[in-house]
Amino acid sequence: MSQVTSDTGPALDVDALGRWLDTRDLPGAGLPVQARLLSGGRQNEIFEVSRGDFRAALRKPPAAAPAERDAGILREWRIIEALTGTDVPVADGIAACADPSVIGRPFYLMDVVDGWSVMNTPGWWAPPFDTDLEARGGLAYELIDGIVKMGALDWRARGLGDLGRPDGYHDRQVARWTRFYERIRAREIPGLDEATRWLSCHRPLDFVPGVMHGDYQFPNVMFRHGAPARLAAILDWEMGTVGDPKLDVAWALHSWPEDPTGPSDNEYLVGMPPRSKLLAFYAERSGRQVDDFDYYLVLAKWKLAIVLEQGYQRANGDPKLEDFGGYVVRYMKEAAETAASSDYPAVS
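Residues numbered from 1 in each chain as written. Predicted model: local features only at pLDDT ≥ 70, side-chain atom pairs only at ≥ 80, totals over all residues. Heavy atoms only, no water.

Caption draft 1: View of the overall build of the protein chain. Assigned secondary structure in the protein chain consists of nine helices and eleven strands. Relative to the 2.2 N^0.38 estimate, which gives 20 Å for 348 residues, the radius of gyration of the protein chain is 21 Å and therefore close to what a compact globule would have. Here the C-alpha coordinates of the protein chain stretch approximately 65 × 45 × 45 Å along the principal axes. When burial is assessed residue by residue, the protein chain has 51% of its 348 residues classed as buried. Sequence separation of 24 or more characterises 68% of the internal contacts of the protein chain that already satisfy a separation of 6 or more. Surface accessibility of the protein chain: about 16400 Å² in total, with carbon and sulfur atoms responsible for 49%. Both charge centroids of the protein chain, one from 38 positive and one from 51 negative side chains, sit 4 Å from each other. (Helix = DSSP H or I, 4+ residues; strand = E, 2+ residues; numbered from the N terminus. Rg over C-alpha atoms; globule rule 2.2 N^0.38 Å. Buried < 20%, exposed > 50% of the residue type's maximum accessible area, 1.4 Å probe, protein only. Contact = heavy atoms within 4.5 Å. Areas by Shrake-Rupley, 256 points an atom, 1.4 Å probe, with all protein chains shown as cover. Lys, Arg positive; Asp, Glu negative; His and termini not counted. Charge placed at Lys NZ, Arg CZ, Asp CG, Glu CD.)

Written out as structure tokens, the structure is:
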């Protein structure tokens, strides 16, 4: 058995993968498969695989990942396959394998994207965005335009009619995530009760279901090389669903300063447009109102704090997960403060 390994342990049986590829109508049949690890984490491993002129990115759960990640990776594939060929920028889907006996876990293949990510770029921004602040601002508008494109997609026509449960989406949010938090609860988080009460009696002004990413932010997208800014692909669809795209807007902008040129704890946002301009851009491009953005902002901060709390409770000495603890306190405090200062009306 030929394997690709790395210092961190992920391995790929390229011989078994080659035999499976030979059953597909793909270039390079019969040639040896070469692979290199692009990234490896707790949720997924990504390899670049090639043989002859054929190149693809292979995404699969790690060997030690919980069994439910198998269903998760196939759910990701379903979304990517549905979005391939649409206006939503994704790494186009190539093929998927649900049989874990082939290489140990289910996996899928997607195009290798010609672009760059902040996760693999020292200082976040690739040239010319690292020095050209005017060009850098275009990255923010492209980020938000990705949400516009997701929200405009006819998700029923793309076969995603049963992906989520849009009916009653906002009625379920507080109860669902409160139950989630109670299962992992190990400490008191200041502001949790106040933000939860506020969310329990507030709802958006309107709700137009659409495809949403669920963890939409700069680290989960890629951009084309060079200026002007062009979104190349939206990545990491494990939280994707049919829900409320405006929650993606709040997720992306929840810590975005109104004055990115002033003092900020996020130096990478220097040169970016103010949050109000990005909201106005979203409203104009999407045709959706943002007068109820306070609701989405509280929901995003509250939900993010709960999601990060799970990671913090599982830290077990992992420095990165230990850091989540401080962000949990910060985001929940901000959720409560936004709720207390908002004049957004409660449900009558």
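Caption draft 2: Helix α9 (residues 319-341), seen in detail. For α9, with 23 residues, the first-to-last C-alpha span of 34 Å sits near the 33 Å given by 1.5 Å per residue. If you look at α9, its biggest bend is around 25°, right at Gly326. Looking only at α9, the buried set comprises Leu321, Gly325, Val328, Tyr331, Met332, Ala335, Ala336, Thr338 and Ala339. In the core, the buried residues of α9 are packed alongside α5 (192-200) and α8 (293-313). For α9, the N-terminal cap is Asp318; the gap from its side-chain oxygen to the backbone nitrogen of Lys320 is 2.9 Å. (Expected span 1.5 Å × (residues − 1). Bend = angle between axes of the 7 residues up to and from the residue. Polar contact = N/O pair within 3.5 Å; in protein donor to acceptor, adjacent residues only side chain to side chain.)

Caption draft 3: Local environment of the packing of α5 against α9. Close contact between α5 and α9 brings their axes to 8 Å; oriented N to C, the two are set at 45°. Judged on the interaxial angle alone, α9 and α5 are oblique. Note on packing geometry: the crossing formed by α5 with α9 is left-handed. In contact with Leu192, Glu194, Ala195 and Trp198 of α5, α9 contributes Met332, Ala335, Ala336 and Ala339. Within the contact of α5 with α9, the residues separate by chemical class into seven nonpolar, no polar and one charged. (Axes fitted to C-alpha atoms, helices over the stretch in contact; angles between N-to-C directions. Parallel < 35°, antiparallel > 145°, perpendicular 65-115°, else oblique. Left-handed = near helix turned anticlockwise from the far one by under 90°. Nonpolar A, V, L, I, M, F, W, Y, C, P; charged D, E, K, R; others polar.)

Caption draft 4: Representation of the sheet that holds strand β4 (residues 45-51) in the model. Read from one edge of the open sheet, five strands run β3-β4-β5-β7-β6, paired in antiparallel fashion. Because the sheet does not close on itself, it has two edges, and the strands there are β3 (34-40) and β6 (93-97). In this sheet, neighbouring strand axes are inclined to one another by 25° on average, regardless of whether the strands run parallel or antiparallel. As judged from the three bridges shared by strand β5 (residues 54-60) and strand β7 (residues 107-110), these two strands associate in the antiparallel manner. For Arg59, the partnering residue across the bridge sits in β7 and is Tyr108. Along the sheet, helix α1 (residues 14-21) contacts β3, β4, β5, β6 and β7; its crossing angle with β7, the most-contacted strand, is approximately 70°. Across the sheet, helix α2 (residues 68-83) touches β5, β6 and β7, and the angle it forms with β7 is around 30°. (Pairing = 2+ DSSP bridges.)

Caption draft 5: Structural detail: the packing of helix α4 (residues 169-184) against α8. Across the interface, α4 lies against α8 with an axial gap of 10 Å and an inter-helix angle of 25°. It follows that α4 is roughly parallel to α8 by the angle criterion. Where α4 crosses over α8, the handedness of that crossing is left-handed. Judged by residue contacts, Tyr169, His170, Gln173, Val174, Trp177, Thr178, Phe180, Tyr181 and Ile184 of α4 engage Tyr295, Tyr296, Leu299, Trp302, Lys303, Ile306, Val307, Glu309, Gln310 and Gln313 from α8.

Caption draft 6: Fine view of a positive patch on the surface. On the surface, a cluster of positive charge is made up of Arg165, Arg176, Arg179 and Arg183. Looking at the secondary structure, you find Arg176 in helix α4. (Patch = residues over 30% accessible without salt bridge, like charges linked within 9 Å, V, L, I, M, F, W, Y side chains within 5 Å. Salt bridge = Lys/Arg side-chain N within 4 Å of Asp/Glu carboxyl O.)

Caption draft 7: View of the packing of aromatic side chains. On inspection of all chains with the given rule, the structure shows 16 aromatic pairs. Each ring, one from Tyr141 and one from Phe281, has its centre 5.0 Å from the other, and the planes form 65°; the classification is edge-to-face. Note that Tyr141 is positioned in helix α3 (residues 133-152) and Phe281 in helix α7 (residues 275-286), a separation of 140 residues in sequence. Judged by its relative accessible area of 26%, Tyr141 falls in the partly exposed class. (Phe/Tyr/Trp six-rings, centres within 6.5 Å; stacked < 30°, edge-to-face > 60°.)

Caption draft 8: Spotlight on the nonpolar core. Trp125, Leu139, Tyr216, Phe218, Trp237, Leu253 and Trp302 are the most contacted members of the largest nonpolar core, which has 88 residues in total. If you tally residues by element for this core, the top one is α8, at twelve residues. (Core = buried A, V, L, I, M, F, W, Y, C linked by side-chain atoms within 4.5 Å.)

Caption draft 9: View of α8. Here α8 contains 21 residues, and its C-alpha end-to-end distance of 30 Å stays within 8% of the 30 Å for a straight helix at 1.5 Å per residue. With 17 of 21 residues buried, α8 lies mostly within the body of the structure.

Caption draft 10: Layout of the side chain of His170. Among the secondary structure elements, His170 is positioned in helix α4. Judged by relative accessible area, which is 5%, His170 ranks as buried. At a separation of 2.8 Å, a polar atom in the side chain of His170 contacts the side chain of Tyr295. Apart from residues lying up to four places away in sequence, His170 is in contact with Arg203, Pro204, Phe207, Asp244, Tyr295, Tyr296 and Leu299.

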